[in-house]
Amino acid sequence: MMKRILIVVFILCFGQLAFAQHQGHNTPTGQKEQPVTYTCPMHPEIHASKPGNCPKCGMKLVKENPKATAPKAVSQKEAKMKMPAKVPAKAQSATYTCVMHPEIHASKPGNCPKCGMKLVKETPKTAPTKHDGMDMPMKEDAKKTGNMEDMTGMQMGDDNPNMENIKQAKANLGPIKTIPSSTPPRTVRYDLYIADTTVTYGKKSKRAIAVNGQIPMPTLTFTEGDTALIYVHNNLDEVTSLHWHGLFLPNRMDGVPFLTQMPIKPGETYLYKFPIVQHGTHWYHSHSKLQEQIGMYGAFIMNKRKEWDIPTIPVVLSEWTDMKPEEVHRSLKNATDWFAIQKGTTQSYAEAIRTGHFKTKVNNEWKRMNAMDVSDVYYDAFLINGKNQNEQPQFKAGDKVRLRIANGGASDYFWLTYSGGKITVVATDGNDVEPVEVDRLIIAVSETYDVVVTIPDNKSYEFLVTPEDRTKSASLWLGKGEKVPAKKLPKLKYFAGMKMMNDMMDMQGNMIEMEGMKMQNQVMDMNTVMYPEITGPENPADTAKADQMQMNGGMHNMAEMENSSSDIVTLNYNMLRDPKKTTLPKGPWKELKFELTGNMNRYVWSLDNKTVSESDKILIKKGENVRIIMFNNSMMRHPMHLHGHDFRVLNEQGENAPMKNVLDIMPMERDTIEFAASEPGGDWFFHCHILYHMMSGMGRVFSYQDTLVDKTDIKDPKVAKRGLNSDDRAFHPMATIGLESNGSDGEFMLANTRYRFSTEWRLGLKAHHGNESETYFGRYIGRMQWLFPSLDLIITTTV
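All residue numbers here refer to positions counted from 1 along the written sequence of the relevant chain. Per-residue local features are limited, in this predicted model, to residues with pLDDT of at least 70; the limit for side-chain atom pairs, both in listing and counting, is 80 or more; totals at the level of whole chains, interfaces and linings are taken over all residues. Hydrogens and waters are ignored; side-chain quantities use all the structure's heavy atoms.

## Looking at the sheet that holds strand β10 (residues 206–211)
When DSSP locates at least two bridges between a pair of strands, those strands are taken to pair. The way it works is that DSSP assigns letters per residue, a run of H or I at least four long becomes a helix, a run of E at least two long becomes a strand, and they are numbered from the N terminus. On the basis of which strands lie adjacent, the open sheet formed by four strands has the order β10-β9-β12-β14 and mixed pairing. Since the sheet does not close on itself, it has two edges, and those belong to β10 and β14 (269–275), each with one partner. On average, each strand axis in the sheet is tilted by 20° relative to the strand beside it, whichever way the strands run. Interaxial angle, 0 to 180 degrees, is taken between N-to-C directions of lines fitted to C-alpha atoms, where a helix line uses only the stretch in contact.

In structure tokens:
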């Protein structure tokens, strides 16, 4: 009897073991065999079995994450028996998603089927370390030191597409010889004479400011180790200053009026003297009022002691308006539609009805939003080194040319494309990066990029510069012979952008963050929905066709919607990798968080809803590391610039994160930068580099505490503070006058960032018609400034 019992027990145990092994085999293989599906980040209800474009919006589909089923609880003994061999991390299949539509998942890179945005690689879910609302898996040593180079949880292995791009770019670039400098470090002197001039860049002859009789200002060239000796002679009838963008120099030489120096008065000469301790492509410009808009910008080149032996051209991009910059600023403050009318982008009800976007327009009005805008200002011309068409015929087939590009524009981002093939990016903001090949890149206001292009044949190839709003363009022609034009960028689909804006913004004007999505490092360009070259033309018939395809379950027909241009490679910050490690030295950490805020209706731009004049200086200490986390809670891109320091942009490159001094932060992004507080002391400006945003108060001042610095020429701190705060406190006038058959009515207004003084009148033509005036003074309240408590005085007279 006992023998039978033992046999039965043995059979049961063996059966249970076999069953457990069977279950254990099913779990991992079952997950692998789940069918790969794709979805759209904008339209999560879209699911497809193959990569492609969304039938609704044209965005590339992203790979969906397979839904993992929770494993059953097992005993330790069973777990040991079922434990499979460890699978290397590389063996895990990569999946892709859309930052706009996290419900979209795809097994291959591509575009979101909902919005057309490029899919980004998903990171395997791990126990996250919470950090300001972001899930950031961090290494153990990073937790101890405070470093966040692994913040995205992404690894730069050989299978990473960015590394493949770098390898390919290096191979195509090939070895480039260097030439050592034959001149020992020396003092290099420049004399800059600032004077009024007249130019005809647009339709009329207008006042501009020239330096040494030229626009842009002269290119200043130094070699690392030199000493700069720059005499600035102010022959204007107004004060001026010069800021050396991106340079490490003594604080009193930084060139910010009322902060590091007093303005240079008319007729005075001011000396800037500082050592050249770095290299790379930089630029310089006026930091006084709106002078930068009318000509005060130029290239500042610092060569290495061993520089590339390759033809090199400094390229300064800029824009020109026939309107006085003060009038531009006043028009922006008063929210006129004049610039949109000039661009043909008013997005009226008639246009909305004609194009099938009436519902989008109504929703936009309900949320009290302005029409979709991309660039604030209409410009009459765009310039490359002072010319709209710039020809460089000295190059022949096979030549490689380095372009040192600086965006000296006051408010425009520029798309850069080249008809001769790929663009190889080799540096940004004066700092080298591993070469990376792209089809195009967008350069933010004040950013610099070094790129290398190849002349394929004995022809003239177009390096095309297109403003973000695509109203006009400028061209640099490289080579001699038959002209090979670059493909022009088509007009933006503004109603698609308006619909996206409605979806992404609540009634209070706040951006709606999408749960689980890491919007950062330019990976998700929300404006992609407006790019016809990516998402197809704005045609209601095509949209209806796509909707019908989905209703009929015709996802297999998505190949019909494919657009080869969706494979365009566009540069983003994740692709930038420093050739060396950039981790900060050990030291205490100071963390700051800023929300980028704005109000398009009254053109007020701020950080945490406070302007420069409404905030105190931010104290930092020499020797500490400063981390800044920024969330862009606006629908505009903002190029945030830090004076006197380079910062790390935390991205996928870990310890090799790139060093920059300008961060282009896109709408809804939350980006992190960090820098070592290594200066001896002083006050350093941190601000948005769109000129009219900065003048509206979008910035802060970092101030070193407990340090001794060289004295500036600022004698009265109170006078300096009033001067610094005067920009965003300035009042802007506006008047409207109406003439009717029975009288006149009108309004005169003076307003600044927060306050408004207005007088309205209604005057009768005859005495018995009566006269009435109403005067009121009040303050706007809240970020969107929809509340306006005021004191009113009403005067009415009748006969």
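## A few points about the nonpolar core
Taken as a class, soluble globular proteins show a tendency for nonpolar side chains to be buried jointly. Take the buried Ala, Val, Leu, Ile, Met, Phe, Trp, Tyr and Cys residues and link them wherever side-chain atoms come within 4.5 Å; each set so joined is a nonpolar core. Each residue's exposure class comes from its accessible area (1.4 Å probe, protein chains only) as a fraction of the maximum for that residue type: buried when under 20%, exposed when over 50%, partly exposed otherwise. Ranked by size, the top nonpolar core spans 133 residues in total, and within it Ile230, Trp244, Tyr272, Phe274, Phe300, Phe463 and Met630 carry the most contacts. Not counting the four nearest positions on each side in its chain, Phe274 is found in contact with Thr227, Ala228, Ile230, Trp244, Leu247, Leu249, Pro250, Met253 and Phe300. Tyr38, Tyr96, Ala106 and Leu119 belong to the second-largest nonpolar core, a separate cluster that totals 13 residues. It only takes one pair of heavy atoms within 4.5 Å for two residues to be counted as in contact.

## Here we look at helix α4 (residues 161–173)
A helix is expected to span 1.5 Å multiplied by its residue count minus one. Here α4 spans 18 Å end to end across 13 residues, near enough to the 18 Å set by a 1.5 Å rise per residue. On its buried face, α4 sits against β17 (306–308), β21 (400–407), β23 (423–428), β24 (431–438) and β26 (448–454). Backbone geometry just downstream of α4 places Gly174 in the positive-phi region, at approximately 70°.

## As for empty space enclosed by the protein
Lining residues are defined by having an atom within 4 Å of a point belonging to a cavity or pocket. Those points lie on a 1 Å grid over the protein atoms alone, cavities being sets where a 1.4 Å probe fits but cannot get out and pockets being open sets with protein on both sides within 12 Å along at least five of seven lines. Grid points are joined across faces, edges and corners, and a volume is the space filled by probe spheres set on the points. Under the counting rule described, the total for this entry stands at three cavities of 30 Å³ or more. Taken as a whole, the second largest cavity spans an internal volume of roughly 100 Å³. Forming the boundary of the second largest cavity are 14 residues, of which Val374, Ser375, Glu468, Met636 and Arg637 lie nearest the centre. Broken down by class, the residue content of the lining of the second largest cavity amounts to seven nonpolar, three polar and four charged. Side-chain classes follow a simple rule in which Ala, Val, Leu, Ile, Met, Phe, Trp, Tyr, Cys and Pro form the nonpolar group, Asp, Glu, Lys and Arg form the charged group, and the remainder, Gly included, forms the polar group.

## Here's the deal with the confidence of the model for the chain
Known as pLDDT, the predictor's per-residue confidence is scaled from 0 to 100. Summary statistics for the chain give a mean pLDDT of 82 and a share of 74% for residues scoring 70 or more. Low confidence marks residues 68–91, where pLDDT is under 50. Its contacts with residues over four positions away, or in another chain, come to seven contacts. Confidence drops under pLDDT 50 across residues 542–565; counting only partners more than four residues distant or on other chains, this segment forms 39 contacts.

## Here's the deal with unusual backbone geometry
Here the bond from Ile215 into Pro216 is cis, since omega is 0°, no more than 30 degrees from zero. Turning to its location among the elements, Pro216 is positioned in the loop between β10 and β11 (220–223). Residues other than glycine seldom take positive phi values, yet Ser446 does so here, at roughly 85°. When you line up the elements, Ser446 lands in the loop between β25 (440–443) and β26. Its relative accessible area of 0% is what places Ser446 among the buried residues. Phi is positive for Asp608, which is not a glycine, with a value near 55°.

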